Amino acid sequence: MYIADKDRYNKLEYARCGKSSLKLPRVSLGLWHNFGDNNDFETMQKLCFTAFDNGITHFDLANNYGPPYGSAEINFGRILKQDLKKYRDELLISTKAGYDMWKGPYGNWGSRKYLIASLDQSLKRMGLEYVDIFYHHRMDKDTPLEETMGALNQIVQSGKALYVGLSNYDGETLAKASEILTQMHCPFIINQNRYSIFDRTIENNGLKEMAHKLNKGIIAFSPLAQGLLTDRYLKGIPEDSRIKTDGRFLKAEILTEKN
């Protein structure tokens, strides 16, 4: 039986998210890779245990993390049920919807039908009554922003999420979305975006500046560029590396001499 390290809250700094009262650990554990059915379940458990033992309380998922889609949430749900259930109120669990999840016109983008249905499915997969943060995963030019933000507000009002966030937005759309959510008194507190020395998009599309102006938090995904900013690939491509074993989002072509 897993018992968390009693000194776990003495190892990491916690920072207030924007002007909200919610504090996040300076490091979170993202389940984008390494939690699908193509990975070892015992290793997944050890990753979660090591994270929590070191003060990482935030576990970040999305509906289509895997592969296959949904498997990361299912596997994390198993770990919650078996090992972490008694610590639920110490954990901050987030998930998202916005990319393709199921076939047909209702399993993608930003409609009210998709977002609410997707979160319902995510909660079932993880065995939860609510998530702490629910994100819209990407901008959708074909859905009125009022509809997408209205769905996020309805999700909070229904008790299925405590806070909402936006992922992969630019500064201009962030400002419009924030105005709508503020009028609805919806607790929008955070933006999730890719950010590293290889990808400085949020400095160029206005997101970083606007988030600061609006007092909204920013959380970075892929801050080490999926391992490119470590010594992982300096001497070739290891057989057990992400490029060699997965290759969906990290291609060997990026390993140029310049990079």
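It should be noted that the structure appears before, not after, this text.
Residues numbered from 1 in each chain as written. Predicted model: local features only at pLDDT ≥ 70, side-chain atom pairs only at ≥ 80, totals over all residues. Heavy atoms only, no water.

Draft legend 1. Spatial organisation of the side chain of H137. Tracing the backbone shows H137 in the loop between β6 (131–136) and α4 (145–157). In this structure H137 comes out as buried when scored by relative accessible area, which is 7%. Dropping the residues within four chain positions of it, H137 is found in contact with A62, Y65, K96, A97, G98, Y99, S167 and N168. (Helix = DSSP H or I, 4+ residues; strand = E, 2+ residues; numbered from the N terminus. Buried < 20%, exposed > 50% of the residue type's maximum accessible area, 1.4 Å probe, protein only. Contact = heavy atoms within 4.5 Å.)

Draft legend 2. Focus on the packing of helix α5 (residues 171–183) against helix α7 (residues 207–214). Where α5 meets α7, the axes come as close as 8 Å, and the angle between the chain directions of the two elements is 30 degrees. As far as their axial angle goes, α7 and α5 are roughly parallel. In this structure, α5 meets α7 at a crossing whose hand is right-handed. Facing α5, whose interface residues are G171, L174, A175 and S178, α7 presents L207, M210, A211 and L214. Looking at the contact of α5 with α7 residue by residue, the classes come out as six nonpolar, two polar and no charged. (Axes fitted to C-alpha atoms, helices over the stretch in contact; angles between N-to-C directions. Parallel < 35°, antiparallel > 145°, perpendicular 65-115°, else oblique. Left-handed = near helix turned anticlockwise from the far one by under 90°. Nonpolar A, V, L, I, M, F, W, Y, C, P; charged D, E, K, R; others polar.)

Draft legend 3. Structural view of the sheet that holds strand β4 (residues 58–60). Pairing is parallel in the open sheet, where seven strands are placed in the order β3-β4-β5-β6-β7-β8-β9. What marks the edges here is a single partner per strand, and that holds for β3 (29–30) and β9 (217–221). Note: β4 against strand β5 (residues 92–97), three bridges, orientation parallel. Bridging from a neighbouring strand, F59 pairs with I93 of β5. Along the sheet, α4 makes contact with β6 and β7 (161–167), crossing β7 at roughly 155 degrees. (Pairing = 2+ DSSP bridges.)

Draft legend 4. Focus on the packing of helix α3 (residues 112–126) against α4. Relative orientation of the contacting elements α3 and α4 amounts to 30 degrees, with a least axis distance of 8 Å. Classified by the angle their axes make, α3 and α4 are roughly parallel. Pair α3 / α4 crosses with right-handed handedness. In this structure, α3 contributes R112, L115, I116 and L119 to the contact, and α4 contributes E147, T148, G150, A151, L152, Q154 and I155. By residue class, the composition of the contact of α3 with α4 is six nonpolar, three polar and two charged.

Draft legend 5. Fine view of the environment of Q154. Considering the arrangement of structural elements, one finds Q154 in helix α4. By relative accessible area, which is 38% here, Q154 ends up partly exposed. Taking the C-alpha atoms as reference points, Q154 and M184, separated by 30 residues in sequence, lie 9.8 Å from one another. Beyond its immediate chain neighbours, meaning those up to four positions away, Q154 contacts R112 and I116.

Draft legend 6. Local environment of the packing of aromatic side chains. According to the stated counting rule, one finds eight aromatic pairs in the structure shown. Aromatic pair Y2 and Y87: ring centres 6.0 Å apart, planes at 70 degrees, arrangement edge-to-face. Placement of the pair is Y2 in the segment before β1 (14–16) and Y87 in the loop between α2 (71–84) and β5, with a sequence separation of 85 residues. For the pair formed by Y2 and Y87, the shared burial category is buried. Among the aromatic residues, ring-to-ring pairing joins Y2, F49, F52 and Y87 into one connected group. Sitting over the ring of Y130, R88 keeps its end group 4.5 Å from the ring centre. Here the guanidinium or amino end of R138 rests over the ring plane of W109, the centre of that ring lying 3.6 Å away. (Phe/Tyr/Trp six-rings, centres within 6.5 Å; stacked < 30°, edge-to-face > 60°. Lys NZ or Arg CZ within 6 Å of the ring centre and 35° of its normal.)

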